[in-house]
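Spelled out, the chains give:
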Amino acid sequence: MQAYSKIQRKIISHPKSAVDEVRKILNRHAGRANTCLKCGCIWAQHIHHTSKSWVRNYRCTHCNKTYSEFLGTIFFRSKLKPSEWLIALLELSTATGGVSGTTLGKKIGRQRKTGWKLLKNIREWLLQKRSQQKPLFSWETEADEAWFGRGDNQEIILGIIQRDPRRVSVQVIPDVKERTLWPIVRNTITPGSLFCTDMRISYSIAGIHYHHATNNHSKREFGHRYTNSEWRELMIHSNTIEQLWWQFKWVIRTIHHGVSKKYRMSYLNEQIIRYEHGKDSNLYYYFLSLLFIPTFSGT
């Protein structure tokens, strides 16, 4: 936390340092140093001009095209300064549950609407970067459904969690029938894993491919111990995903005062990142790696 406060004071006092920090990350980890982003030619570009936000625009002598050094990143064609983006990331990294648009607007000296749009762009970019296919969950897993919102804003979300290491997958579902839940479970969890749920009948087919264990919540059974054939003691419960649902709903209710289903998945994705990397001390740099390593096709 102390290191984050030093970074923030440096960015506020010297806004140009934010551009230097992002430029260093792009050149070191994205392989963009001395390379044209349009044609891929090396050592053929020179600085065309520099904007008021200290962002460089290059011109390639090979393809005769100009481009911004932030092409393909979240900074590209943004009216906000890079220092304001980094302050937003620092606020997201140090906040307990999340940051509202009003709070961020005051931090960067902008209106509430600008702060909300800035956070919306960050959440949508994070959701896009995390939507790539990942390895299947294994070992000890849990699944549960949650209802978010009311009336026309209500939707059902299925959550699947891997206990160790922490990994979470959420998906909007139309109903809780077996034909809806089972394909998602098969595509998320490795066969043979421990699969803990409640007594919902839709999960009964899971016993064919998984070590399916249940708890009867109606009889106030919320967890018990089980020793498998390898004499390994396992905890049979779905309390991890239940606690995660409570945390998500608390953040949405108290900090954001409700979220429409249009943006709900981006908000949940932010909380999932907090949960998966809650034990890490470098959440700020993880955000940087997701946001500022560009998605660039070369066209």
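This write-up is about the structure you can find in this document. Model, not experiment: these values are computed from the prediction.

### Re the packing of aromatic side chains
Right, on to step 1. Under the definition given, this model contains 8 aromatic pairs.
Right, on to step 2. Ring plane angle 75° and centroid distance 6.0 Å describe the contact between W245 and F248, whose orientation is recorded as edge-to-face. Taken together, the residues W245 and F248, both in helix 7 (residues 239–254) and 3 residues apart, mark about one turn of the helix. Each of the two residues, W245 as well as F248, counts as buried.

### Looking at the sheet that holds strand 5 (residues 155–162)
Right, on to step 1. Pairing within the open sheet is mixed, and its 5 strands lie in the order 6-5-4-7-8. With one partner strand each, in any of the chains shown, strand 6 (167–173) and strand 8 (211–214) form the two edges of the open sheet. In this sheet, neighbouring strand axes are inclined to one another by 25° on average, regardless of whether the strands run parallel or antiparallel.
Right, on to step 2. Here 7 bridges tie strand 5 to strand 6, and the two strands are oriented antiparallel to one another. Note on strand 6: the bridge partner recorded for I161 is V168.

### Quick look at the pairing of strand 1 (residues 45–50)
Right, on to step 1. Across 5 bridges, the pairing between strand 1 and strand 2 (residues 56–60) is antiparallel. Residue I47 lies in a different strand from strand 2, and its bridge partner there is Y58.
Right, on to step 2. Between the end of strand 1 and the start of strand 2, which pair antiparallel, lie 5 residues, with W54 showing a positive phi angle near 65°.

Each value, and the rule that gives it
Just so you know, the residues in each chain are numbered from 1, in the order the chain's sequence is written. Given that this is a predicted model, residues contribute local features only at a pLDDT of at least 70 and side-chain atom pairs are listed and counted only at 80 or more, while totals for whole chains, interfaces and linings are drawn from all residues. Hydrogens and water are ignored here; the side-chain numbers use all heavy atoms of the structure. Working definition: rings of Phe, Tyr and Trp (its six-membered ring) pair if their centres are within 6.5 Å, and the pair is stacked with planes under 30 degrees apart, edge-to-face with planes over 60 apart, and tilted otherwise. By the criteria applied, helices consist of DSSP H or I runs no shorter than four residues and strands consist of E runs no shorter than two, each listed in order from the N terminus. Accessibility here uses a 1.4 Å probe with only protein chains present; expressed as a share of the type maximum, an area under 20% marks a residue as buried, one over 50% as exposed, and anything in between as partly exposed. A pair of strands is considered paired only if DSSP assigns at least 2 bridges between the two. Throughout, an axis means a line fitted to C-alpha atoms (over the contacting stretch in the case of helices), and angles, computed between N-to-C directions, take values from 0 to 180 degrees.

Just distances and angles here, no functional claims.
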